[in-house]
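This is what each chain is made of:
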Amino acid sequence: MGGEEIKYVNSAFEENWIAPLGPNVNGFEQDICDYANIGHCTALSSGTSAIHLALIMLGVEQGDEVLASTFTFSATINPILYQKATPILVESEKDTWNMSPVFLKEAIEDRIATGKKPKAIIPVHLYGMPAKMDEIMEIAAEYQIPVIEDAAEGMGASLKGKKLGVFGDIGVYSFNGNKIITTSGGGVLVSENKDYADKARFLATQARDQAPHYQHSEIGYNYRMSNICAGIGRGQLQVLDSWVNKRKTNFDRYKKELSDLPIEFLNEPNADYFSNRWLTTITTSSYEKREEIRLALEKENIESRPLWKPMHLQPIFKDYLYYGDGLSERLFEKGLCLPSGSNMTEQQQDRVIATIKKCFD
Ligand SMILES: *Cc1c(COP(=O)(O)O)cnc(C)c1O
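This one's a predicted model, so the numbers in the text were calculated from it and none came from an experiment.

Roughly 840 Å³ of internal volume is contained in the largest pocket. Forming the boundary of the largest pocket are 35 residues, of which Asn178, Leu279, Glu303, Ser340 and Gly341 lie nearest the centre. For the lining of the largest pocket, the secondary-structure elements that each account for two or more residues are helix H8 (227–257), strand S13 (305–306) and helix H11 (346–358). Tallied by class, residues from the lining of the largest pocket come to 17 nonpolar, twelve polar and six charged. A domain-level breakdown of the lining of the largest pocket finds at least three residues from each of domain 1 (5–237) and domain 2 (240–358). Forming the walls of the second largest pocket are 14 residues, and the residues nearest its centre are Lys94, Trp97, Glu264, Thr283 and Leu331. Going through the elements one at a time, strand S10 (264–265) and helix H10 (327–334) are the ones with two or more residues in the lining of the second largest pocket. Broken down by element, the residue count for the lining of the second largest pocket peaks at four residues, all from H10. Taken together, the residues of the lining of the second largest pocket sort by class into seven nonpolar, three polar and four charged.

Annotation of the protein chain at the domain level lists domain 1 (5–237) and domain 2 (240–358). Domain 1 and domain 2 are separated by 25 Å when their C-alpha centres are compared. Of the residues lining the interface, 47 residues belong to domain 1; the matching set on domain 2 comes to 37 residues. Each partner contributes to the roughly 3900 Å² buried at the junction of domain 1 and domain 2, and carbon and sulfur atoms together form 67% of this total. On the domain 1 side of the contact with domain 2, Trp97, Tyr127 and Ile180 bury the most area, a combined 21% of that side's loss. Where domain 1 packs against domain 2, one counts zero salt bridges. Taken together, domain 1 and domain 2 are joined by 22 residue pairs in polar contact (both at pLDDT 80 or more). Classifying every residue of the side of domain 1 that touches domain 2 gives 23 nonpolar, 13 polar and eleven charged.

Summary statistics for the protein chain give a mean pLDDT of 98 and a share of 100% for residues scoring 70 or more. Ranking the helices and strands of the protein chain by mean pLDDT puts strand S4 (residues 120–122) first, with 99, and helix H1 (residues 5–14) last, with 97.

Moving on: the nonpolar core. Formed by 59 residues in total, the largest nonpolar core has its most connected members in Ile32, Met155 and Tyr173. Going through the elements one at a time, helix H2 (23–36), strand S1 (40–44), strand S3 (86–90), helix H5 (101–113), helix H6 (133–143), strand S9 (187–191), H8 and H10 are the ones with two or more residues in this core. For this core, the element with the highest residue contribution is H2, accounting for six residues. Taken together, domain 1 (5–237) and domain 2 (240–358) each give at least three residues to this core, which thus spans both.

Near the ligand, the surroundings consist of 15 residues, among which Gly47, Thr48, Glu153, Ser174 and Lys179 are the closest. Take aspartate 150: an N or O atom from its side chain is 2.8 Å from a nitrogen atom of the ligand. Within the side chain of glutamate 153, an N or O atom sits 2.6 Å from an oxygen atom of the ligand. The protein chains hide 94% of the 380 Å² of surface that the ligand would expose on its own.

Before going further, it helps to examine the packing of aromatic side chains. To describe a pair of aromatic rings, you give the distance between the ring centres and the angle between the ring planes. Enumeration according to the criterion identifies eight aromatic pairs in this entry. Seen from their ring centres, tyrosine 221 and tyrosine 223 are 5.1 Å apart, and the 25 degrees between their planes marks the pair as stacked. A single burial state applies to tyrosine 221 and to tyrosine 223, both of which are buried. These aromatic residues form a ring-pair network of at least three members: Phe71, Phe73, Trp97, Tyr127, Trp278 and Trp308. Above the plane of the ring of phenylalanine 167 lies lysine 162, whose end atom (NZ or CZ) is 4.6 Å from the centre. Of note, arginine 277 hangs over the ring of phenylalanine 251, and the distance from its end group to the ring centre comes to 3.5 Å.

What follows deals with the pattern of salt bridges. Under the definition given, this model contains 27 salt bridges. Note that arginine 201 and aspartate 198 form a salt bridge whose closest N and O atoms lie 3.2 Å from each other. Taken together, the positions of arginine 201 and aspartate 198, both in helix H7 (residues 194–204) and three residues apart, correspond to about one turn of that helix. Here the salt bridges share partners, and the residues they tie into one network are Glu29, Lys194, Asp198, Arg201 and Arg224.

Turning our attention to unusual backbone geometry. At asparagine 37, a position not held by glycine, the phi torsion is positive, near 55 degrees. With respect to the helices and strands, the residue asparagine 37 is situated in the loop between H2 and S1. Located in the positive-phi region is serine 184, a residue other than glycine, with phi close to 85 degrees. Mapped onto the fold, serine 184 is located in the loop between strand S8 (170–174) and S9.

Turning our attention to the sheet that holds strand S14 (residues 322–323). Sheet architecture is open: four strands sit in the order S4-S2-S3-S14, paired in parallel fashion. The sheet is open, and its two borders are formed by S4 and S14, each paired with just one other strand. Note: strand S2 (residues 65–69) against S4, three bridges, orientation parallel. If you follow leucine 67 over to S4, its bridge partner there is isoleucine 121.

Cut-off values and rules
- Residues numbered from 1 in each chain as written.
- Predicted model: local features only at pLDDT ≥ 70, side-chain atom pairs only at ≥ 80, totals over all residues.
- Heavy atoms only, no water.
- 1 Å grid on protein atoms, 1.4 Å probe; cavity = no way out; pocket = protein on both sides within 12 Å on 5 of 7 lines; lining within 4 Å.
- Points joined across faces, edges and corners; volume = space filled by probe spheres on them.
- Helix = DSSP H or I, 4+ residues; strand = E, 2+ residues; numbered from the N terminus.
- Nonpolar A, V, L, I, M, F, W, Y, C, P; charged D, E, K, R; others polar.
- Domains from an automatic or database assignment.
- Contact = heavy atoms within 4.5 Å.
- Buried area = accessible area lost by both parts, 1.4 Å probe.
- Salt bridge = Lys/Arg side-chain N within 4 Å of Asp/Glu carboxyl O.
- Polar contact = N/O pair within 3.5 Å; in protein donor to acceptor, adjacent residues only side chain to side chain.
- pLDDT = per-residue confidence, 0-100.
- Core = buried A, V, L, I, M, F, W, Y, C linked by side-chain atoms within 4.5 Å.
- Buried < 20%, exposed > 50% of the residue type's maximum accessible area, 1.4 Å probe, protein only.
- Near = heavy atom within 4 Å.
- Areas by Shrake-Rupley, 256 points an atom, 1.4 Å probe, with all protein chains shown as cover.
- Phe/Tyr/Trp six-rings, centres within 6.5 Å; stacked < 30°, edge-to-face > 60°.
- Lys NZ or Arg CZ within 6 Å of the ring centre and 35° of its normal.
- Pairing = 2+ DSSP bridges.

Okay, here's the thing in structure tokens:
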């Protein structure tokens, strides 16, 4: 926490706004719009619920196909199945580890050739590294397929000076406890299209029709963010940029201290890309080396974790179509996320660095 959060939480108590609406919710939405420089925002209970509502608003239904990054967290894909639609998994490219425009185009053309045009595309900004949004949006425009931009890990990162989350038709942020800033749990949906933000708010509050009694013509959800959580979010937004700086400092220090070892870091492809370095990741020479480092850290009571296991390898998603060349599988085998917290001290980081160095003695 940065310190200001408690002020907003206290004001919720003082004003007795302990509900999924109130001044903090409205204020948080305005703060997000200002931060990301986007027209409209709806505060929700999670990033997952934001993706779910985005799919509903784009008309994704049973039997529809949705293209999504395979190299991601399962929360990108699960909402497709909530709609009984079919995920089509698209491999990453090596520059950013995010959705490959080449495989995206191949997948679209192949699906259209079988008679089925995908209903939506969900690219992800993994670990806060911007995906190649210009190319992805160009392909989306060519085939007229809407884009839901999963920026759950990308808050505070930018591409060509534009914050991530504002490139797609609908953008999604997460404020889960593990993300770069948090509301303890929460998410938002952003869009330049006011209708999407309004419709999301309507669906997220049980889809109540305009009437003095409770009347419903559509399926509703209980997906709104609480005024307490939004208060935490308001304070967190004030420290977001400094948290990003701290994470970048972590990354730079790891890179400098470990540069002599045979491990690799993912660099921003060029000056257009600004990663928030949510997590510092490394890739090693082999699965065995990766495990040696992970277990050496674990022995020192230091948590690290393999990179995301790709969705096309997950037991629950393995039968869905996949377009790619296995890049994410190789990254999963050889890659590791290092401790990257915004509050990590230099001494703590030194312990991590020393433990990794020992694996190469
Ligand atoms: C965390 C995350 C989500 C889901 O966000 P929640 O707020 O935890 O529901 C979606 N996509 C990605 C890539 C994530 O990392």
